[in-house]
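Overview (structure and organization)
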Amino acid sequence: MKTSPERPRSLWARATWRKSLAQLREEERHEAFERSLGLFDLIMIGIGGTVGSGVFATAGLVCSNSSAIARYYAGPAAVLSWIFAGIGCILSSGAFMELSCLIPADGSTYAYAYHALGELPATIAGFLLTLEYGISSAGNARAWSAKFVVWLKTMFNVDSPAWMRPAGTSIDLYAGLLLTLCVLIVLGGMSLGKRLINAITLTKISVVLFIIIAGLTKFEPANISPFVPAEAQNERGQTVFGWPGVMLGASASFYGYIGYDEVCCLAGEAINPRKNIPRAVLGTVLGAAALSILATLSIVGMQKYSEINVDESYGEAFKSVGRRSKRCLTMVGYAWASPIVETGEVVTMPVGILIGFLAQPRVQCAMAQDGLMPAIFGRLDAHRNPRHGAVLMGLFLVALATVVEFHVLWNFISLGILLAFNLTNLSLLVVRYEATPLRARSLTLRLPFVLGVFSLASWLAALHLQESFIAPSALATPGSFYHAYMTHAGAAVGAGFAVVAAAMVAVLAINPPRGTKPADKTEGLFQCPGVPLVPCLAMFFNWLLAVQMPMATVVMMAVWLLTAVCVYLAYGVRYGGGAPRDVVV
């Protein structure tokens, strides 16, 4: 049973109440889950949750210029989009690796925020992780469904029954059925789940390597000329292609790197997590980056970006190579590779959906055991599996996958991931500097002030850089005050905010951090290098991607965060605040 400190009395005190490291270590000794995931299992979870959603689901979205869907940004320079997104993820991964060593518990950003920032920020983090894990699973199920329909027609000449995806509606029963299957597998326990994940992920890696090798042998330099297409306006008023398109593509590509966060979320079930989690995170990021960048290079080399098929990008690309070779008497084209790739995509994409949903009930279980969600989400069955939470969340996500279009979820999920990553980087800075007196000349500054000013200034600097230079949004219509402001003063104001943000980083840099516990140093645990510069750069980079989201996505996120606050005020204030909870079996 958890030991409980005296409960905070005021609303502010409860909202900012933090778990001490001693309490976290005590909870670790009374952990709810069995530790059964080795290093290989963790890397397979990371790669399986990353590469499928990144390569198969988004390659066409980042590379194509079709105006019908208005989500196509970069052309052949999508390769650079993946590289930039990968750099941002590498910067943020340092915070995840260090904090997962310090707090090897289920929940990832939720657990880190509870220790470093407080109970209300932890609740918000839990809601953001729901976007990253659960709702992204619904989105990926929709992407898989589109590929499955094409695969049925291509491989067996079978038309999908109209009632499975009724024309003129957003209903997709294939997506709902796939997510239902994933829910049933998760209900079978971690042992069954990890065996399936390992087998399918190895198959997926083989398919991606085949795509890379076969695709690069048919690489046509003319297809990537010009490498950075001329700028254009899409139907939402965004500047696409050119360098603005590269950065917009990086925002979309960022979604394809989220698997390493899922590794951290399962730290409570990892064997020797303080050693294996950092290794698995690093292996996931580097492996995903290499596979995603090379796979994207292969498709833009095989086929002109304007001809990429959204629903079946790689399969159709190999068919196009085969068609160009029909003038030869022998089968020198690669049309034969298309069914291999299409089958591999259809068979292996579901593992990313399974992994996303596998992590989701673990987050809710941690929140429920802390009193921030109803106790039913924290109940475990005889096999230490959060069965009730998995069923309840599964029903919601199945309904979501069945009735909501993927493009509605895309930017919403990406923005949630970026905000969660910034909470993790902010948590690392608090952990490192909370015991450090911050002095700048004759001034003594408080850490919340320094981090608050940095967060606000870096966001405003990114916003002004975006709107005045990179890719002005639809809000900046000619003749409006906003357009005039950004045109004439945006760059200068953005530079001013960048100076303020840099000044806050300098304050942290000239005061050596004392937040790391001596015991952790002697244990030889991983520590993020380059603090405070690395996490601060990561936060700025994440803001630079976040400010590119359309206003509709920002409004959706505001409503989502307000929902998190309301849930906390209605439930968490009463049952949280350090109140102990037994693990119910």
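Residues numbered from 1 in each chain as written. Predicted model: local features only at pLDDT ≥ 70, side-chain atom pairs only at ≥ 80, totals over all residues. Heavy atoms only, no water.

What follows deals with the overall build of the chain. When helices and strands are tallied, the chain shows 22 helices and 4 strands. Relative to its 585 residues, the chain shows a buried fraction of 60%. Across the chain, every contact between residues at least 6 apart in sequence was considered, and the portion connecting residues at least 24 apart equals 81%. Within the structure as shown, the chain displays about 22,200 Å² of accessible surface, and the carbon and sulfur contribution to it stands at 68%. (Helix = DSSP H or I, 4+ residues; strand = E, 2+ residues; numbered from the N terminus. Buried < 20%, exposed > 50% of the residue type's maximum accessible area, 1.4 Å probe, protein only. Contact = heavy atoms within 4.5 Å. Areas by Shrake-Rupley, 256 points an atom, 1.4 Å probe, with all protein chains shown as cover.)

Two elements in contact, helix 6 (residues 119–156) and helix 14 (residues 350–369), have axes separated by 9 Å at closest approach and are oriented at 155°. When the interaxial angle is binned, helix 6 and helix 14 end up roughly antiparallel. Between helix 6 and helix 14 lies a crossing of left-handed hand. Note on element contacts: helix 14 touches helix 6 through Pro-350, Ile-353, Gly-356, Phe-357, Ala-359, Gln-360, Val-363 and Met-367, opposite Thr-123, Gly-126, Leu-129, Thr-130, Tyr-133, Gly-134, Ser-137, Asn-140, Ala-141 and Trp-144. Grouping the constituent residues of the contact of helix 6 with helix 14 by class yields 10 nonpolar, 8 polar and no charged. (Axes fitted to C-alpha atoms, helices over the stretch in contact; angles between N-to-C directions. Parallel < 35°, antiparallel > 145°, perpendicular 65-115°, else oblique. Left-handed = near helix turned anticlockwise from the far one by under 90°. Nonpolar A, V, L, I, M, F, W, Y, C, P; charged D, E, K, R; others polar.)

We now examine helix 15 (residues 387–403). Look at helix 15: 24 Å from first C-alpha to last across 17 residues, which is about the 24 Å you get at 1.5 Å a residue. Regarding helix 15, the residues found buried are Gly-389, Ala-390, Met-393, Gly-394, Leu-397, Val-398, Leu-400, Ala-401 and Thr-402. Against the buried residues of helix 15 lie helix 6, helix 7 (173–187) and helix 14. (Expected span 1.5 Å × (residues − 1).)

Once that is clear, we can look at the packing of aromatic side chains. Taken as a whole and assessed by the stated rule, the structure comprises 12 aromatic pairs. Between the aromatic rings of Phe-412 and Trp-560, the centroid separation amounts to 6.1 Å while the plane-to-plane angle is 90°, which identifies the pairing as edge-to-face. Separated by 148 residues along the polypeptide, Phe-412 in helix 16 (residues 406–433) and Trp-560 in helix 22 (residues 551–575) bring together distant segments of the chain. There is no split in this pair, since Phe-412 and Trp-560 are both buried. Above the ring of Tyr-114, the side-chain terminus of Lys-19 is found at 4.9 Å from the ring centroid. (Phe/Tyr/Trp six-rings, centres within 6.5 Å; stacked < 30°, edge-to-face > 60°. Lys NZ or Arg CZ within 6 Å of the ring centre and 35° of its normal.)

A few words on the side chain of Thr-348. Checked against the element boundaries, Thr-348 lands in helix 13 (residues 337–348). According to the relative accessible area criterion, Thr-348 is buried, its value standing at 0%. Separated by 2.6 Å, the side chain of Thr-348 and the backbone oxygen of Gly-344 make a polar contact. (Polar contact = N/O pair within 3.5 Å; in protein donor to acceptor, adjacent residues only side chain to side chain.)

This part covers the environment of Leu-129. With respect to the element layout, Leu-129 can be found in helix 6. For Leu-129, a relative accessible area of 0% corresponds to the buried category. The sequence separation of Leu-129 and Val-363 amounts to 234 residues, and the corresponding C-alpha distance is 7.7 Å.

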